[in-house]
Amino acid sequence: MEDSGTGDSISKDTTGQDTAGNDDAGQGRRSPQGLARYARPALIAGAVIAVVCIALLVIIFFLDSFNATVYSVGGKNVQDATDEARAIRDTYTATRLGGIIFLITGVLLAAAGAVLVYRHRNDEGRNADEDDGQDVDFEDLAGQ
């Protein structure tokens, strides 16, 4: 029978030999090209950025609430038109704006990475979870 090049067929000269783990040896699997190689790192980085920004925004929300509560204990209102109330309202404005911008960036980065991972899910490429054809068991590790 003619070899189709799929790596599953066994040629006549290897009949009877142990070829386990050599199915992909010599086939030279293709690695993802272009942006597809950055899809998983982009997905992970985007997710981490989004989670950190959400945590930052939650902390800022609680700090704003705390500052408003402490300011209002003396009978004052944080919504007053005074300079002191305006300063308390504007304390975390830049951080909040930066957190929202980075949150949007992280979500877009994660979404783009997810789309690329989904589009290239069936491409032939070396997976990080696949082994490289080496079969190491306890006897090999123990030196027996």
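Quick summary incoming for the structure in this document.

Criteria and cut-off values
- Residues numbered from 1 in each chain as written.
- Predicted model: local features only at pLDDT ≥ 70, side-chain atom pairs only at ≥ 80, totals over all residues.
- Heavy atoms only, no water.
- Helix = DSSP H or I, 4+ residues; strand = E, 2+ residues; numbered from the N terminus.
- Buried < 20%, exposed > 50% of the residue type's maximum accessible area, 1.4 Å probe, protein only.
- Contact = heavy atoms within 4.5 Å.
- Areas by Shrake-Rupley, 256 points an atom, 1.4 Å probe, with all protein chains shown as cover.
- Patch = residues over 30% accessible without salt bridge, like charges linked within 9 Å, V, L, I, M, F, W, Y side chains within 5 Å.
- Salt bridge = Lys/Arg side-chain N within 4 Å of Asp/Glu carboxyl O.
- Lys, Arg positive; Asp, Glu negative; His and termini not counted.
- Charge placed at Lys NZ, Arg CZ, Asp CG, Glu CD.
- Phe/Tyr/Trp six-rings, centres within 6.5 Å; stacked < 30°, edge-to-face > 60°.
- Lys NZ or Arg CZ within 6 Å of the ring centre and 35° of its normal.
- Axes fitted to C-alpha atoms, helices over the stretch in contact; angles between N-to-C directions.
- Parallel < 35°, antiparallel > 145°, perpendicular 65-115°, else oblique.
- Left-handed = near helix turned anticlockwise from the far one by under 90°.
- Nonpolar A, V, L, I, M, F, W, Y, C, P; charged D, E, K, R; others polar.

## Quick notes on the overall build of the protein chain
In step 1: Helix and strand counts for the protein chain come out as four helices and zero strands.
In step 2: Put simply, the protein chain has 144 residues, and 15% of those count as buried.
In step 3: A fraction of 69% describes how many contacts in the protein chain between residues 6 or more apart in sequence connect residues 24 or more apart.
In step 4: About 11,300 Å² of surface is accessible on the protein chain, with carbon and sulfur atoms providing 59% of the total.

## Comments concerning a negative patch on the surface
In step 1: Together, Asp135, Asp137, Glu139 and Asp140 make up a region of like negative charge exposed at the surface.
In step 2: The residue Glu139 is located in helix α4 (residues 138-142) in this model.
In step 3: For Glu139, a relative accessible area of 41% gives the class partly exposed.

## Side note on the environment of Arg37
In step 1: Within the secondary structure layout, Arg37 lies in the segment before α1 (39-72).
In step 2: Relative accessible area serves as the criterion here: at 45%, Arg37 is assigned to the partly exposed category.
In step 3: For the pair formed by Arg37 and His120, sequence separation is 83 residues and the distance between their alpha carbons is 9.6 Å.

## As for the packing of aromatic side chains
In step 1: For the structure on display, the rule yields one aromatic pair.
In step 2: Seen from their ring centres, Phe61 and Phe62 are 5.6 Å apart, and the 65 degrees between their planes marks the pair as edge-to-face.
In step 3: When its relative accessible area of 53% is taken as the criterion, Phe61 is described as exposed.
In step 4: The class for Phe62 is exposed, based on a relative accessible area of 55%.
In step 5: Sitting over the ring of Tyr118, Arg121 keeps its end group 4.0 Å from the ring centre.

## Re the pattern of salt bridges
Working definition: two side chains of opposite charge can pair if their charged atoms are close together.
In step 1: In the structure shown here, the tally under the stated rule is two salt bridges.
In step 2: Linking Arg96 and Asp64 is a salt bridge whose minimum nitrogen-to-oxygen distance equals 2.1 Å. Here Arg96, found in helix α3 (residues 93-119), pairs with Asp64, found in helix α1; they are 32 residues apart in sequence, far enough to count as distant.
In step 3: Residue classification places Arg96 among the partly exposed residues on the basis of a relative accessible area of 28%.
In step 4: When its relative accessible area of 18% is taken as the criterion, Asp64 is described as buried.

## Here's the deal with the packing of α1 against α3
In step 1: The geometry of α1 relative to α3 is characterised by a closest axis approach of 7 Å and an angle of 155 degrees between their N-to-C directions. Between α1 and α3, the interaxial angle falls into the category roughly antiparallel. Considering the relative orientation of α1 and α3, their crossing is left-handed.
In step 2: Grouping the constituent residues of the contact of α1 with α3 by class yields 21 nonpolar, five polar and three charged.

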